[in-house]
Amino acid sequence: VEQPIVRGSNKNVSYEAFLAYENANYGESAQLFKSLLESSENPNYRFYLAMAFLNDSKYNKALEELTLLENKTFDYHDETLWYAALILIKQENK
């Protein structure tokens, strides 16, 4: 996902969140996506929050976020179901 640089508080936080994610700074990106979700219930932000948790091996937190998205229609709905299933399979095989 490409985010243009735009002046304005949420736009800058969004840019920073995606930049941190793309640079594999998953802890930082998770904090930034949480901050964005406080002012905007954007399912794309929640999806990337879940992906940050997943990439940081925080499977339960990732699954919690993905579960909140299961019944929403948005850009990454199919991916949400896929990653949630993978986490459940991984947890079952422990």
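Placed above this text is the structure.
Below you will find a few notes about this structure.

1. Topic: the overall build of the chain
Helix and strand counts for the chain stand at 5 helices and 0 strands. Start at the N end of the chain and walk to the C end: the helices and strands fall as α-α-α-α-α. Looking at the 94 residues of the chain, the share that counts as buried comes to 36%. Of all intrachain contacts in the chain linking residues separated by at least 6 positions in sequence, the fraction that spans at least 24 positions is 38%. Carbon and sulfur atoms provide 46% of the accessible area of the chain, an area that totals close to 6000 Å².

2. A word on helix α5 (residues 77–92)
Between its first and last C-alpha atoms α5 spans 23 Å; for 16 residues at 1.5 Å apiece the expected length is 22 Å, and the two agree. Restricting attention to buried positions, one finds in α5 the residues Thr 80, Ala 84 and Ile 87. An end-on view of α5 places all buried positions within 60 degrees of arc, on one side of the element. The exposed residues of α5 that point more than 90 degrees off its buried face are Asp 78, Trp 82 and Glu 92. Looking at the buried residues of α5, the elements they touch are α3 (43–55) and α4 (59–69).

3. Focus: the nonpolar core
In this structure, Tyr 21, Phe 33, Phe 47, Tyr 48, Met 51 and Leu 66 are the most contacted members of the largest nonpolar core, which totals 27 residues. Mapped onto this core, the elements with two or more residues apiece are α1 (9–22), α2 (26–39), α3, α4 and α5. Per-element tally for this core: the top contributor is α3, with 9 residues. Setting aside chain neighbours within four positions, we find Met 51 in contact with Tyr 21, Leu 66 and Tyr 83.

What counts and how
Residues numbered from 1 in each chain as written. Predicted model: local features only at pLDDT ≥ 70, side-chain atom pairs only at ≥ 80, totals over all residues. Heavy atoms only, no water. Helix = DSSP H or I, 4+ residues; strand = E, 2+ residues; numbered from the N terminus. Buried < 20%, exposed > 50% of the residue type's maximum accessible area, 1.4 Å probe, protein only. Contact = heavy atoms within 4.5 Å. Areas by Shrake-Rupley, 256 points an atom, 1.4 Å probe, with all protein chains shown as cover. Expected span 1.5 Å × (residues − 1). Arc of directions from axis to C-beta. Core = buried A, V, L, I, M, F, W, Y, C linked by side-chain atoms within 4.5 Å.

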